[in-house]
Amino acid sequence: MNLLNGTISKYKSLTKKLICIFLCAISLFGESGCYDMKELDDLAYAVAIGLDIGKTNFLRMSLMITLPLTQGSSGQNQSSGGDNSGGGNSNSDSSSDKKGKDESGKEAGGGEKGDGEKSDGEGVEGKEGETDQEKIPEKPLSKLVDVITVETPTIFAGINILNQMVSKQITLSHVKLLVISEKLAKKGIDAYLHALVRNREIRPDIYIAVSKCGTEAFLKMVNPILEDNPAEYFNLLFGQNNTGFMAQSQLFDFYFHNETSGYYQQPVAAYVNISNINSMDDLKAEQSNFKEKGRKYPLEGDYLAGNLPVTRISKTEAMGTVVFLDGKMAGILDGEHTCFYLMLTGKYNYANWSIPDPRVKDRFVVVSIKSRRIPKIRVDANKDKPVVTIDLKLEGDFMSIQSGEPYEHQPEIIEKAISDLIGSGILKMLKTLSKEYKSDIIGFGKYAKMKFLTTKDWLNYNWKDKYTKAAFTVKVDMKIRRTGLMVDTILRNDSREGGIRE
Amino acid sequence: MKTNRASIGKWEMICLLINMVCPKLFLNYQRETVEIAGTAGWIFTIFSSLLSFFIIYIIISLYKNFQGMDIIDIGEAAAGKIGRIISGLLFTFTLLFIIVVFLRLFAENMKTISLVLSPISFVLLLFLGGMVAAAYFDVNTIAKFHGISMVFFASIFLIILISAVKYYDFYNMFPIFGNGARSILYEGLSGISYFSEFMVVFFIAPYIKNYKTFKTGGLIATGLITFFLTVGSLSYISIFPYPGSLENFLPIYQTARLISYGRFFQRIESVFLFVWALAAYLYLGTGFLIAVKTFSKTFGMKHYKALIPAFAVIVFTLSFIPENLIKTIHLETMFFRRYSFITAFLIPLIFFVTAFFRKHKMVRKKTIPEEETA
């Protein structure tokens with residue numbers, strides 16, 4: 001009897017354990033999702049979203065979708081193409097080039113006109129989109145992607161419509177770039193930003209850019225040459241930090257600066273466009289803004305995307321920074337001013353600068369300038385007119401001394417020239433930002449709010465208004481550290497030929 | 001505290017308490033501190049934690065006289081059988097309320113971030129399954145699970161916070177006093193409710209090895225909880241600028257989404273999801289087990305396990321009462337986080353003090369006749 005009881009109790013205990021294990025297993029496996037199961041092959045991966053003002057509806061949304069099968073077999077396609085034209089890449093590139101030449105010139109022209117002045121009104125924009133429509137290439141230049149465009153009242157309604165058209169379900173979890181047209185940026189993008197941040201598929205680290213031309217045209221003209229994966233292409237292009245000509249604006253920063261815009265900082269976005277230049281013969285001096293800066297010739301930062309003095313297969317360009325004010329585009333900074341913006345926000349890495357030689361006319365000293373420390377910024381917010389003091393510490397290495405002057409032994413001459421160039425440039429940029437654009441993209445507000453004890457006091461101070469009256473003092477401390485692989489230059493008699501010693 | 005079932009050591013006790021109090025870091029705690037005190041949310045956390053530490057110290061000191069007893073026994077010692085029933089029902093209902101609200105919260109959050117298309121009943125059942133399975137184990141076993149898992153949770157939590165270092169901007173902490181001293185001090189008083197789950201210590205007390213373990217374990221756990229809550233709040237305020245930080249939901253998940261180093265180390269929120277589900281199982285399982293045990297003890301039932309299926313059905317049904325996620329959050333923040341300190345600290349304190357004086361009175365009564373006869 002005892003034996004039977006023991007066996008029954010053992011059996012009960014075993015049953016309970018099995019029930020527990022079963023419950024745990026069901027719970028754990030269930031968490032991996034049954035209802036939400038999605039096969040990777042059944043998804044269409046969007047890598048870029050373009051938002052523009054619609055012709056028949058509020059929004060014209062373009063999605064760049066990768067064609068993974070094409071990517072996987074791109075090598076084969078290229079080699080078969082090579083049979084016809086003697087080289088895989090050259091075949092696809094030359095066709096792209098041709099198409100680019102046909103379309104890009106017109107598109108850039110459209111971009112110039114489309115300054116968005118007409119788009120202040122609410123609602124559907126009527127014929128706004130028509131001019132762009134005529135210039136958009138039929139197919140994307142890259143064979144690795146497809147660009148589909150829809151007119152829709154909202155982003156996710158658009159996705160719904162597109163899902164009806166596309167055999168696979170569109171997912172936004174691999175989106176790397178959000179391009180907003182200049183027209184829409186000027187009208188205001190708040191309504192669409194919230195949708196993007198609320199959605200769990202869209203990553204907070206996607207890049208934000210504003211395009212002078214229509215976004216559909218821009219996305220169709222994207223034609224990565226050195227990178228097969230379009231998502232990685234956007235990552236590399238917009239994530240690079242070695243020129244200083246473009247602000248890396250990601251959704252996280254953009255959104256939170258936009259949300260807190262009246263509070264202390266305004267957002268920025270990268271500026272992109274389609275190249276205006278089809279051959280070097282097309283180059284004009286007006287494409288650079290050097291004259292506005294009082295220069296006799298353009299320096300490398302005196303350009304904006306679309307006007308770069310470059311000819312190449314891929315016609316899309318990124319240079320400059322778009323300044324926002326309360327969710328609307330307020331202005332643009334060129335490459336040089338973008339560099340200054342990056343320096344002041346502590347995001348500047350390094351870049352090569354051509355500095356006009358202070359002793360020899362029409363000669364340059366090329367210096368690779370790095371940030372030595374995070375800039376020290378103090379804001380005296382006690383008065384009605386805040387005083388901003390900036391202490392910027394930079395260092396650099398000589399890359400080239402065209403005139404052959406012995407600056408290696410007198411670096412202070414170049415240090416002063418650089419300090420003056422950067423210092424005056426920063427002051428000019430800050431004046432534009434505070435007086436003209438009225439937008440604190442540097443975030444001086446965050447230094448100012450340190451002086452206040454409570455949020456209420458800070459809000460009462462009304463930084464947005466005070467910022468427009470701010471006075472700025474900039475001190476640039478530049479140090480030349482290294483001279484490259486040369487420590488001296490032996491002067492030849494004719495070494496300064498062409499240059500006039502001052 | 002000298003019963004043969006007493007096998008919970010200091011480590012298990014500390015881990016259990018941390019795992020019970022800190023899961024709110026995965027839910028909504030950081031945002032709530034910002035809502036209360038603005039950019040001074042972290043100061044609010046420190047202030048309310050110090051207050052909690054002080055109260056916990058008093059209660060732990062008073063417990064010295066009631067070793068081996070849980071809060072039901074102490075209720076009985078304070079007010080007899082009625083005291084036992086009142087305290088038992090009060091704590092059972094409080095624990096059930098927490099379980100119901102948190103079960104729904106965990107399920108809703110899981111639905112928001114992962115199981116989007118699954119019906120809420122399905123997600124609730126998944127958590128319920130884990131919770132019920134945990135309840136079939138004993139307190140000692142659960143405590144050991146806590147002991148093992150806490151290191152894992154803490155590591156992942158800290159790894160997420162450290163990995164997001166490039167997003168930290170300590171200027172976000174200014175203005176330093178945020179919504180003002182009043183909101184920090186006044187709201188900080190009810191802020192001790194964030195430590196409410198600490199009350200499980202009054203139920204697991206008989207399982208703890210000895211009073212010294214109970215005291216040091218309780219105080220160390222409070223210190224570590226303060227550390228985790230403060231670090232969580234501070235990092236959140238530094239990463240998400242105010243007032244944008246008021247919009248966010250699931251702060252650690254949002255922080256994990258930001259992490260991206262190169263092509264491979266990114267999208268680590270999937271790891272967070274795993275840790276989060278495990279923490280939810282342990283939290284709900286422990287709370288549910290204690291609720292069932294408290295109820296059975298209150299009415300003198302010998303076998304609490306028989307109650308588990310019935311309680312599971314009740315919890316599952318009640319969790320459908322809130323209409324939506326916002327109302328569930330509202331239930332948690334407006335009721336539980338404002339008033340739970342009454343059940344968690346105030347009533348136990350009253351029981352302890354009453355029982356203490358009653359015990360002294362009885363001792364005096366006993367000794368006086370002895371002296372008289374002598």
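Cut-offs used in this document
- Residues numbered from 1 in each chain as written.
- Chains lettered and ligands numbered in written order.
- Predicted model: local features only at pLDDT ≥ 70, side-chain atom pairs only at ≥ 80, totals over all residues.
- Heavy atoms only, no water.
- Helix = DSSP H or I, 4+ residues; strand = E, 2+ residues; numbered from the N terminus.
- Buried < 20%, exposed > 50% of the residue type's maximum accessible area, 1.4 Å probe, protein only.
- Contact = heavy atoms within 4.5 Å.
- Areas by Shrake-Rupley, 256 points an atom, 1.4 Å probe, with all protein chains shown as cover.
- Disulfide = S-S within 2.5 Å.
- Axes fitted to C-alpha atoms, helices over the stretch in contact; angles between N-to-C directions.
- Parallel < 35°, antiparallel > 145°, perpendicular 65-115°, else oblique.
- Left-handed = near helix turned anticlockwise from the far one by under 90°.
- Nonpolar A, V, L, I, M, F, W, Y, C, P; charged D, E, K, R; others polar.
- Patch = residues over 30% accessible without salt bridge, like charges linked within 9 Å, V, L, I, M, F, W, Y side chains within 5 Å.
- Salt bridge = Lys/Arg side-chain N within 4 Å of Asp/Glu carboxyl O.
- Lys, Arg positive; Asp, Glu negative; His and termini not counted.
- Charge placed at Lys NZ, Arg CZ, Asp CG, Glu CD.
- Core = buried A, V, L, I, M, F, W, Y, C linked by side-chain atoms within 4.5 Å.
- Buried area = accessible area lost by both parts, 1.4 Å probe.
- Polar contact = N/O pair within 3.5 Å; in protein donor to acceptor, adjacent residues only side chain to side chain.

Draft legend 1. Main features of the overall build of chain A. Each helix and strand in chain A was counted, giving 16 helices and 16 strands. Of all 502 residues assigned to chain A, the portion counted as buried reaches 54%. Long-range pairs, those at least 24 residues apart, make up 77% of the contacts in chain A with a sequence separation of at least 6. Total accessible area computed for chain A in this model is approximately 23,300 Å², and 53% of it derives from carbon and sulfur atoms.

Draft legend 2. Fine view of the state of the cysteines. All names here are of chain B. As enumerated under the stated definition, the model contains zero disulfides over all chains in all. The thiol of C15 is unpaired, and the distance to the nearest cysteine sulfur, on C22, comes to 11 Å. C15 gets classed as buried once you look at its relative accessible area, which sits at 0%.

Draft legend 3. Fine view of the packing of helix α3 (residues 29-37) of chain B against helix α10 (residues 211-239) of chain B. Residues and elements named next belong to chain B. Two elements in contact, α3 and α10, have axes whose closest approach is 9 Å; the angle formed by their N-to-C orientations is 70 degrees. One element, α3, and the other, α10, form an angle in the roughly perpendicular class. The hand of the α3/α10 crossing is right-handed. Taken together, the residues of α10 that come into contact with α3 (itself represented by Y29, Q30, R31, T33 and V34) are L229, G232, S233, Y236 and I237. Counted by class, the contact of α3 with α10 contains five nonpolar, four polar and one charged residues.

Draft legend 4. Just a positive patch on the surface, in detail. Together, A:R373, A:K376, A:R378, A:K451 and A:K475 line one region of the surface with positive charge. Structurally, A:R373 is set in the loop between β12 (364-371) and β13 (376-380).

Draft legend 5. Geometry of the side chain of B:S238. Residues and elements named next belong to chain B. Looking at the secondary structure, you find S238 in helix α10. You can call S238 buried: its relative accessible area is 0%. The residues touching S238, leaving out its near neighbours within four places in the chain, are Y167, Y168, D169, F170, N172 and M173.

Draft legend 6. Molecular detail of the packing of helix α4 (residues 41-63) of chain B against α10(B). Where α4(B) meets α10(B), the axes come as close as 9 Å, and the angle between the chain directions of the two elements is 170 degrees. Our classification of the angle between α4(B) and α10(B) gives roughly antiparallel.

Draft legend 7. Seen up close, the nonpolar core. Ranked by internal contacts, the top residues of the largest apolar core, which has 234 residues, are A:W353, A:I422, A:L430 and A:F444. It is helix α5 (residues 71-113) of chain B that provides the largest number of residues to this core, a total of 18 residues. Not counting residues within four places of it along the chain, the set of residues in contact with A:I422 comprises A:F340, A:M343, A:W353, A:I369, A:L392, A:L394 and A:V476. Core analysis: the second largest hydrophobic core is formed by 26 residues, A:L141, A:L177, A:A209 and A:F238 among them.

Draft legend 8. Local environment of the interface of chain B and chain A. On the chain A side, the residues contacting the 48 residues of chain B number 41 residues. Of the roughly 3,800 Å² buried between chain B and chain A on both sides combined, carbon and sulfur atoms contribute 59%. Looking at the side of chain B facing chain A, the largest losses of area belong to B:Y171, B:R257 and B:R267, adding up to 18% of the total buried there. The interface formed by chain B and chain A contains two salt bridges. B:D169 is paired through a salt bridge with A:K446; the nearest N and O atoms lie 3.0 Å apart. The tally of links from chain B across to chain A stands at 14 residue pairs in polar contact (both at pLDDT 80 or more). Contributions of two or more residues to the side of chain B that touches chain A are made by α5, α6 (120-135), α11 (251-258) and α12 (269-298) of chain B. The element that contributes the greatest number of residues to the side of chain B that touches chain A is α6(B), accounting for seven residues. When the residues that make up the side of chain B that touches chain A are grouped by side-chain class, the tally is 27 nonpolar, 15 polar and six charged.

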